[in-house]
Amino acid sequence: MADADRTVLTKIRWPLRLTWAGLMAERITRAFWPLWSVVMLAAAVLMLGLQDHIMVELVWALAVLVSLASAAFMVLGLRRFRMPHRAEALERLDGTLKGRPIQTLLDDQAIGAGDAQSEALWRAHQARMAKRAATARGVRPNLTLTQRDPFALRYVAILGLSVAMLFGTWSKVHSVTGMGPGSGSGLAVGPSWEGWIEPPAYTGLPVLYLADQGDSLKIPQNSRVTLRFYGELGALTLDETVSGRIGEVPPASDPAQDFVVTRAGDLAIQGVGGRSWQVALLPDTAPEVMITGEAETNVDGQMSLPFAAKDDYGVTGGSVLISLDMQALDRRYGLSIDPEPRAPIQMELPMPITGNRADFTELLIENFSEHPWAHLPVRFELTAMDAADQAGVAAPVSMPLPARRFFDPVASALIEQRRDLLWNRANAPRIAQLMRAISWQPEEQLFPDEANYLRFRFILRRMEAYAAEGMSKPQQEELAKALWDLAIEIEDGDLDDAMERMKRAQERLSEAMKNGASEQEIARLMQELREATQDYLRQRSRQAQREQEETDEDMRGAENSVQMGMDDLQRMMDHIQDLIEQGRMAEAQEAMRQFQEMMENMQMAQGGQGGQSPGEQAMEELGESLREQQGLSDQAFRDLQEQYNPGANSGQSQGNEGRNGGQGRGESHEGQGGENGEQGEGEQGSLAERQQALRDELERQRRSLPGAGTQGGDAAREALKEAERAMEGAEEALRQDDLPGAIDKQADAMEALREGIRNLGDAMAEAGRRQQGGDGQETGNAQANSRDPLGRNPGSRGGDVGTQEDLLQGEDVYRRARELLDEIRRRSGEGERSSEELDYLRRLLERF
């Protein structure tokens, strides 16, 4: 081989080797496929143990036939097989490339040798062919045998071997060696018995071939054991202690044995080739089920009760039994007599549709609102079942049967009477008496809808008539349905008047908070209050527009007033909802009371616009004094910081801004006093002098306070006296340079001022209501005319901020309070501060 030829072959050596290997595979497959088909088929027969079920003579005949066929196919294959040469591989590889570039590279120039141009052309042609040859890849072999094996016998052999590998065992192959001459009985080499262990189907475990298992077995309880003995009867016998069988038991030498494992013990096959096993049980425990949380009820009374269940092999079903807990029942009123017989509530537990049932959690969802036991104490008993029909029973849980709650007093009373009627029909006369008492000269607020009152009276007459004649079961159900429908109508009925609808929503929400309603119920009632309030304010806006159009006056003031009312009410309702979500129900009820007072003030302000009354002027002056006292307290606190931590306030002036943009220097947060105590003393006098001036001003306001002789007015005067005493104490502390003590007294003064303003507001509201109902209605309207729709006084500086802005506890005030409290906590944790300052900070935390 020339050097040029060797160079060409070196570049394509790997594709050439792969092509040669493919040729080798093709020729081996085509020559020897009959041989390996026969070998695989014979191996499959032996692994499946078919030789143990036919005559020995037939086994030997088949063995001779397989041997002859294998020898014949071996000879035929050797005759057909030809070792592939490199040239054949090179020819096949070159044939897959366009233009046969490999052969071109191996050729020599035959024409034009010696001619420079011809040789240059030949070299260019070979260079192009060399690039093409460099892209050569190994040729895949063609292993198709369709023409040589048209009946696909090779696939039959492969299928048989696959089945034998899955369901057979190699140990059975050796049994054929014991069938030769001189092998004795032929049973000593391989097992002369077979056995299987079949676990219960619900476990999902596979069947075990007993001969392949070790000396120790761990199987599920109730597994079935099947044994088969071959050979002479009595040569093998069964010895077991795992079935616990008594009575008629088959003989131990019976060739067919079948029993269920119920306990741990020994299992042995006695005789030649026998074996023994120690059997341990995997017990099938009973399922477990339990209630995992408290029942929740949505606004429509639908209950959601969480529960969990588990079993080692999966829960197949379950049920819940709900029975009346007579021991926990309060046997009073309509429940004092014995109840009519009523079957317990029985329901199927919901199971997961998909997924594993070995351990899961689910919700039992049902609506018991119309059941006679609604809100009565009941016992929940949960039961879970598994595939072995084992039952797991949870510990009984006692709770009131969850159902819908009614917050309207009349609707709630109707539902209670419906319960008594379903408890026992003997309660019908008592129920009729109560209904007659309710409907005797009823107040208008009990039945704002006359149609509901007529339905009430119709049910009452039916109740009395049925009770007199002896009420039947259908009549009982009829009246119970009528009472339920009427209660729903009263509870959810749509009122036409916006104000009445808003009052109704307020009452229901207050009742829900008092009775500990669920979060969903409170959220629904809160949304009703929002919608009713918005409807009322929109109605007020339209009414104001009509009045302004009739008098040809500017409507801007009315629109701004209503818009301000919507914004403020929205903030207050948001605050109430936040308190409810935080679980602070007492504060939420107090905020709800303030909201109701605001709405009453709004009703008082529905007249025209007028001048400011003496009471409103006093409220404005007291609010100004409160802000001024707040400013003095802020200045004293900054002076205290400067005393223990000089320079601490140099970069915090922005953070201490008052409500109106001032620096909290003691004059309603709008003064432009100095940045520290010395500058403030030079421009506005010392803190003690300013405190004394504020106390004198408060004394003047107290002497001219309106409402003398009324409960609210007297309470306001007492609160202002307490504020004066606290201011006097703060003044003395300031003169003695006792800033912590002064701040404490100032806080007492501010609290007393707030109490006085609240008492004065209550007195004014009471006076306004009396004036609206008597001859002084015109004067009351004149006093209310100067207020905005929320009953607040306009500010003295021409703005819309009234004297009660600090009492509304708006969102900004609460945010600022939280920021101050966080700052106090942060500073109380700094150990480098002086002990006096840390002690003062701790007192602040304890107080607030």
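Residues numbered from 1 in each chain as written. Predicted model: local features only at pLDDT ≥ 70, side-chain atom pairs only at ≥ 80, totals over all residues. Heavy atoms only, no water.

1. Topic: the overall build of the protein
- Broken down by element type, the protein carries 23 helices and 17 strands.
- The 848 residues of the protein split such that 41% are buried.
- Contacts in the protein between residues at least 24 apart in sequence constitute 70% of all its contacts with a sequence separation of at least 6. (Helix = DSSP H or I, 4+ residues; strand = E, 2+ residues; numbered from the N terminus. Buried < 20%, exposed > 50% of the residue type's maximum accessible area, 1.4 Å probe, protein only. Contact = heavy atoms within 4.5 Å.)

2. Remarks on the sheet that holds strand β7 (residues 265-270)
- Spatial strand order, β3-β8-β7-β5: 4 strands in an open sheet with mixed pairing. Whereas interior strands pair on both sides, the edge strands pair on one side only; in this sheet they are β3 (216-220) and β5 (237-240). Within this sheet the neighbouring strands show an average axis-to-axis angle of 25°, counted without direction.
- Relative to strand β8 (residues 276-282), β3 runs parallel, the two being bridged by 5 bridges. Among the inter-strand pairings, K218 is bridged to a residue of β8, identified as A280. (Pairing = 2+ DSSP bridges. Axes fitted to C-alpha atoms, helices over the stretch in contact; angles between N-to-C directions.)

3. Comments concerning unusual backbone geometry
- Look at Y333: it is not a glycine, yet its phi comes out positive at around 55°.
- You can see Y333 is positioned in the loop between β12 (315-324) and β13 (345-348).
- Assessed through its relative accessible area of 52%, Y333 is described here as exposed.
- Despite not being glycine, H375 shows a phi value in the positive range, around 70°.
- Following the sequence through the fold, H375 ends up in the loop between β14 (359-367) and β15 (377-386).
- H375 sits in the partly exposed class, given a relative accessible area of 38%.

4. What to know about the sheet that holds strand β4 (residues 224-229)
- What the 4 strands build is an open sheet, ordered β2-β1-β4-β6; its pairing is antiparallel. Whereas interior strands pair on both sides, the edge strands pair on one side only; in this sheet they are β2 (208-209) and β6 (256-260).
- Here β4 runs beside β6; their pairing, made up of 5 bridges, is antiparallel. For V225, the partnering residue across the bridge sits in β6 and is F259.

5. Let's talk about the side chain of S223
- Considering the arrangement of structural elements, one finds S223 in the loop between β3 and β4.
- Beyond its immediate sequence surroundings of up to four residues, S223 is in contact with I197, E198, P199, P200, F259, V260 and V261.

6. What to know about a negative patch on the surface
- A cluster of like negative charges, contributed by E294, E296, E519, D578 and E581, occupies part of the molecular surface.
- Of note, E519 is situated in helix α13 (residues 519-550). (Patch = residues over 30% accessible without salt bridge, like charges linked within 9 Å, V, L, I, M, F, W, Y side chains within 5 Å. Areas by Shrake-Rupley, 256 points an atom, 1.4 Å probe, with all protein chains shown as cover. Salt bridge = Lys/Arg side-chain N within 4 Å of Asp/Glu carboxyl O. Lys, Arg positive; Asp, Glu negative; His and termini not counted. Charge placed at Lys NZ, Arg CZ, Asp CG, Glu CD.)

7. Comments concerning helix α11 (residues 473-492)
- Counted at 1.5 Å a residue, the expected span for α11 with its 20 residues is 28 Å, and the 29 Å between its end C-alpha atoms agrees.
- Along α11, the residues classified as buried are Q475, Q476, L479, A480, L483, W484, L486, A487, I490 and E491. (Expected span 1.5 Å × (residues − 1).)

8. Structural notes on the pattern of salt bridges
- Applying the stated criterion to the full structure yields 32 salt bridges.
- Among the ionic pairs, E26 bridges to R92, the shortest N-O distance being 2.9 Å. Pair noted here: E26 is in helix α2 (residues 13-47) and R92 is in helix α4 (residues 86-95), with a separation of 66 residues, a long-range link.
- On the basis of relative accessibility, which here comes to 2%, the residue E26 falls in the buried class.
- Taking relative accessible area as the criterion, R92 reaches 29% and is therefore assigned partly exposed.
- A salt bridge links E288 to K310, with the shortest nitrogen-to-oxygen separation between them at 3.8 Å.

9. Section: the pairing of β7
- In terms of strand pairing, β5 meets β7 through 4 bridges, oriented antiparallel. Each residue of the ladder has a partner; that of D239, found in β7, is A268.
- Bridge analysis of β7 against β8 gives 4 bridges, and the strand direction is antiparallel. Note on β8: the bridge partner recorded for G265 is V279.

10. Describing the nonpolar core
- One finds L622, L698, L705, L753 and L760 to be the most contacted residues of the largest nonpolar core, which totals 33 residues.
- Listing elements by their share of this core, those giving two or more residues are α16 (614-644), α18 (687-703), α19 (711-735), α20 (739-773) and α23 (835-847).
- Sequence-distant contacts of L705, defined by excluding residues within four places in its chain, comprise A618, L622, G713, A716, R717, L720 and L760. (Core = buried A, V, L, I, M, F, W, Y, C linked by side-chain atoms within 4.5 Å.)

11. Quick look at the environment of L483
- Within the fold, L483 resides in helix α11.
- Placed 66 residues apart in sequence, L483 and Q417 show a C-alpha to C-alpha distance of 8.3 Å.
- Once residues lying within four places of it in the same chain are set aside, the contact partners of L483 are L414, Q417, R418, L421, M435, I459 and M463.

12. Things to note about the packing of aromatic side chains
- All chains considered together, the criterion is met by 6 aromatic pairs.
- Ring plane angle 85° and centroid distance 5.9 Å describe the contact between W193 and W277, whose orientation is recorded as edge-to-face. Here W277 lies in strand β8 and W193 lies in strand β1 (residues 193-198), a separation of 84 residues in the sequence.
- Ring centres of F637 and Y840 lie 6.4 Å apart, and the angle between their planes is 45°; on these two criteria the pair is classed as tilted. With F637 in helix α16 and Y840 in helix α23, this residue pair connects regions lying 203 residues apart in the sequence. (Phe/Tyr/Trp six-rings, centres within 6.5 Å; stacked < 30°, edge-to-face > 60°.)

13. Let's talk about the environment of L18
- Along the polypeptide, L18 turns up in helix α2.
- The spatial distance from the C-alpha of L18 to the C-alpha of A89 is 8.8 Å, given a sequence separation of 71 residues.
- Setting aside chain neighbours within four positions, we find L18 in contact with G138 and V139.

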